[in-house]
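Overview (structure and organization)
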Amino acid sequence: MARTAATTGSKRSTSKPSAKKPAKAESNGNGRLAAVEMMNAEYQKRRKSQIEAIKKTDKKLLRDMLYQMVLGRIFEEKAAEVYRMGKIGGFCHLYIGQEAIAIGSMMALEPSDMVITSYRDHVQAMVKGITPEAVMAELYGKEGGCVKGKGGSMHMFSKEHEFYGGHGIVGGQIGVGTGMAYAAKYKESGQVTLCYFGEAAVNQGIFHESLNMAQLWKLPIIYICENNQYGMGTSQERAMSTRNIAKKAESYEMANEFVDGMDVMAVRDAALRAIKRAREESLPTLLEVRSYRYMGHSMSDPGNYRTREEIARYQERDPIVLFQDSLKTAKVFTDKDFEAIKQEAIDATKKAIEFAEESPYPSESELLSDVYA
Amino acid sequence: MAVLTIRDALNQALREELIRDENVFIMGEEVAEYDGAYKVTRGLWKEFGDKRVVDTPITELGFTGLGVGAAMAGLRPVIEFMTFNFSILASDQIINHAAKMLYMSGGEFKVPIVFRGPNGSAYQVSSQHSQALEAMYANFPGLKVVMPSTAADAKGLLKSSIRDDNPVIFMEQERMYGMKSEVPEDEDFTIPLGVADVKREGTDCTIVARSMTVPMALEAAEKVQKEFDVSVEVIDPRTIKPLDIDTIIASIMKTNRLVIAEESHSFASVGAEIAYQVMDHAFDHLDAPIKRVSTVEAPMPYAKNLEAAALPSVDKIIAAVKEVCYL
């Protein structure tokens, strides 16, 4: 999403301070703070049964899920650090705070299933199987990157892992993902497609055009709206006439669900239901997964459109903290296990940095290759 | 050889490729039950059914995006735009997605897809339905742009476009669908993309024309031959991108004069690019400045006389030939 902080800055400076203040108090906090309390109340209600369910879940799967979440967090924190050092250029959109969405849904897939997402794609790429080394080297613009340094942060791809990319035009991947599902149905391959996008993409025409076709032609796809509540610096209520994104699917008579995006097990359960619907009935689903992005839209975002209070309240419901708490309560893992998992993620990230540092820049002969097949 | 209209030649190409490769499917507005807005897909839905020939809602951006994703995942879609004017709605998927996918994925994902339909003016359909958009698409690396002017070229080039592993913009012309010419009957007849065709040999002046201006250039050539004894060579690049500049240069080295005839507006057109490339490669071989005949710099008007005045014509091409030949 090639929009700069400078653009936002100039827009903001044109608004009158007197008009801005009440608008900020009204929209920049209350709605989202109410939402987090509502989600938390629901979470507390289901927590007991969820812990029972965790006890019955495969321990290795739970460990893998937690590991991927922690890796995603540590990897992205490191990416931010090296970005500030000038090691990474261009746009860099981080996933911190949203880990439960990718991990909860993608780890409910078969390896042959297909995934496509937006420019906020590092964690999805790693969960689908691209190594942290190849993702970090791509961020560095190095030859060892998963697309040889040609795509960068926003464009991770891997055919081997059925990862159809990070895409830079808001909503563009919704059309492409619909086509991937169309191909799966055409070939009767049995593959399911997960198609991720932010809530701001819901206002694009391609969202509506795609959902209409997907339901009309009964395509095996799950549209996952990662509602982090801000399209760059514009909050959802300043951009959308309704808060309820899941309900938009009903205009197309499509199955839909609202999901607490800070609860990885809730995301997994919703994803499993949707994947079953896609696989067994060849029907699409829209999942609205309400989440929160801790960092700015991209690394160049000063974040002055929201309050510290709001960020802090969402961070109290951090998806990793919530999950670890449940795992501990269920007596599946101990603090010692968490430490070991964290260390593993730190080591993997360190290895990724070393690989990226050492990988050479792409040869200039790459400049004109891959333009045509 | 069979004598076919361009419409039927395109229809044959589609039919043969549907039979040859089960991953080929046709998708677009009115392509199936209605038999195609311009009847290019006539009979194909009846023969191949719902899976291979698919009517879409009027949702150009949506079905273009769907086509791009389907191509990435292994199919070979042929997407029909009822006219290329409507491709502008879908241009984000063509330009930002199809054209760049192979490159930005480091060679991981090919997009073998054909976008086809009529381009340019029709019969008094006014401003929003009369645009020749080849220059826009030709500007983007990753896309190929094809513009046939005869039935044989239409068939051979469409088959090659469907078999090509890249996104191909295949531009037809509504005024030309009924034009007839000979087409080889061999089912494996193809014409490679990127190879120009000398439609008429000559020694005194070269006209580079494409699509609708090819028959105009040929008529102009006959007239100047008769009236002024000027021998005109007519070259049809057939593929705009990649452009076979070598055939054009070889002709100019013989004739030393060039007229470019095109249906698009003149500013930043394909003709402008050809003129630049000729200057770059054959400046010393030119005996006169290059002339261009294009559509005027105004949206297309409705009134019959104004429409005719806006478009290139045989007379305008003759005037340009006379100018470069100092007649």
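The structure displayed is predicted, hence computed values, not measured ones. (Residues numbered from 1 in each chain as written. Chains lettered and ligands numbered in written order. Predicted model: local features only at pLDDT ≥ 70, side-chain atom pairs only at ≥ 80, totals over all residues. Heavy atoms only, no water.)

1. Quick word on the domain arrangement of chain B
Residue and element names in this part refer to chain B. Let me state the cut-off plainly: Residue ranges for the domains trace back to a domain assignment, done automatically or taken from a database. Residue contacts are defined here by distance: any two heavy atoms, one from each residue, within 4.5 Å place the two residues in contact. The term buried area means the drop in 1.4 Å probe accessible area that two parts suffer when joined, counted for both and summed. In the sections that follow, a salt bridge refers to a side-chain nitrogen of Lys or Arg positioned within 4 Å of a carboxyl oxygen of Asp or Glu. Two N or O atoms count as a polar contact when they lie within 3.5 Å, although within protein this holds only if one can serve as hydrogen donor and the other as acceptor, and sequence-adjacent residues are included solely when both atoms are side-chain atoms.
Domain annotation of chain B identifies domain 1 (2–183) and domain 2 (197–324). On a C-alpha basis, the centroid separation for the pair domain 1 and domain 2 is 26 Å. Across the boundary between the two partners, domain 1 contributes 31 residues, which contact 25 residues of domain 2. Across the interface of domain 1 and domain 2, roughly 2,100 Å² is buried in total on both sides, 55% from carbon and sulfur atoms. On the domain 1 side of the contact with domain 2, Gln124, Met147 and Ser149 bury the most area, a combined 27% of that side's loss. Our count for the domain 1 to domain 2 interface comes out at four salt bridges. Arg175 is the salt-bridge partner of Glu307, the closest N and O atoms lying 3.6 Å from each other. One can count 13 residue pairs in polar contact (both at pLDDT 80 or more) joining domain 1 with domain 2.

2. Some remarks on the packing of aromatic side chains
Rules: Any pair of Phe, Tyr and Trp rings, taking the six-membered ring for Trp, is counted once the centres come within 6.5 Å. Such a pair is stacked with planes under 30 degrees apart, edge-to-face with planes over 60 apart, and tilted for the rest. The helix count covers DSSP runs of H or I at least four residues long, the strand count covers runs of E at least two residues long, and both are numbered beginning at the N terminus. Relative accessibility under 20% of the residue-type maximum defines a buried residue, over 50% an exposed one, and the middle range a partly exposed one, all with a 1.4 Å probe and only protein chains included. Two conditions define a charge located above a ring, namely a distance within 6 Å from the ring centre to NZ of Lys or CZ of Arg, and an angle within 35 degrees of the ring normal.
One pass over the structure, following the stated rule, counts 14 aromatic pairs over all chains. Between Tyr230 of chain A and Tyr292 of chain A, the aromatic rings sit 6.3 Å apart at their centres with planes inclined by 80 degrees, giving edge-to-face as the arrangement. A residue pair is termed long-range when its members are at least 10 positions apart, and Tyr230 of chain A in strand β5 (residues 230–231) and Tyr292 of chain A in the loop between β8 (285–290) and α11 (308–316) qualify at 62 residues. For the pair Tyr230 of chain A and Tyr292 of chain A, one class covers both residues: buried. Pairing Phe63 of chain B with Phe81 of chain B gives two aromatic rings, centres 6.3 Å apart and planes at 35 degrees, and the pair type is tilted. In this pair, Phe63 of chain B sits in helix α3 (residues 60–72) while Phe81 of chain B sits in the loop between β4 (76–80) and α4 (91–98), placing the two residues 18 residues apart along the sequence. By relative accessible area, which is 1% here, Phe81 of chain B ends up buried. Cation over ring: Arg317 of chain A sits above Tyr43 of chain A, and NZ or CZ is 5.3 Å from the ring centre.

3. What to know about the nonpolar core
Put simply, the test is: Put simply, buried Ala, Val, Leu, Ile, Met, Phe, Trp, Tyr and Cys residues joined by side-chain atoms within 4.5 Å make one nonpolar core.
Counting residues in each nonpolar core, the largest one holds 158 residues, and the members touching the most others are Tyr182, Phe197 and Tyr223 of chain A together with Phe115, Tyr137 and Val278 of chain B. A total of 14 residues in this core trace back to one element, the largest contributor, which is helix α3 (residues 59–84) of chain A. Contacts of Phe197 of chain A, omitting those with residues within four sequence positions, involve Gln173, Ile174, Val202, Phe207, Tyr223, Ile224, Cys225, Glu226 and Leu286 of chain A. By size, the runner-up hydrophobic cluster in this structure holds 57 residues, among which are Ile6, Leu18, Leu157 and Leu193 of chain B.

4. Things to note about the pattern of salt bridges
If you walk through the whole model with that rule in mind, you get 52 salt bridges over all chains. A salt bridge links Arg32 of chain A to Glu237 of chain A, with the nearest nitrogen and oxygen atoms 2.9 Å apart. In this pair, Arg32 of chain A is assigned in helix α2 (residues 17–56) and Glu237 of chain A in helix α9 (residues 236–239), connecting sequence segments 205 residues apart. Taking relative accessible area as the criterion, Arg32 of chain A reaches 0% and is therefore assigned buried. Using a relative accessible area of 28% as the deciding quantity, one classes Glu237 of chain A as partly exposed. A salt bridge links Lys78 of chain A to Glu81 of chain A; its shortest N-O distance comes to 3.1 Å. Highlighted residues: Lys78 of chain A and Glu81 of chain A, both in helix α3, separated by three residues, approximately one helical turn. Three or more residues are tied together by salt bridges with common partners; here these are Glu16, Glu17, Arg20, Lys155, Lys159, Arg163 and Asp188 of chain B.

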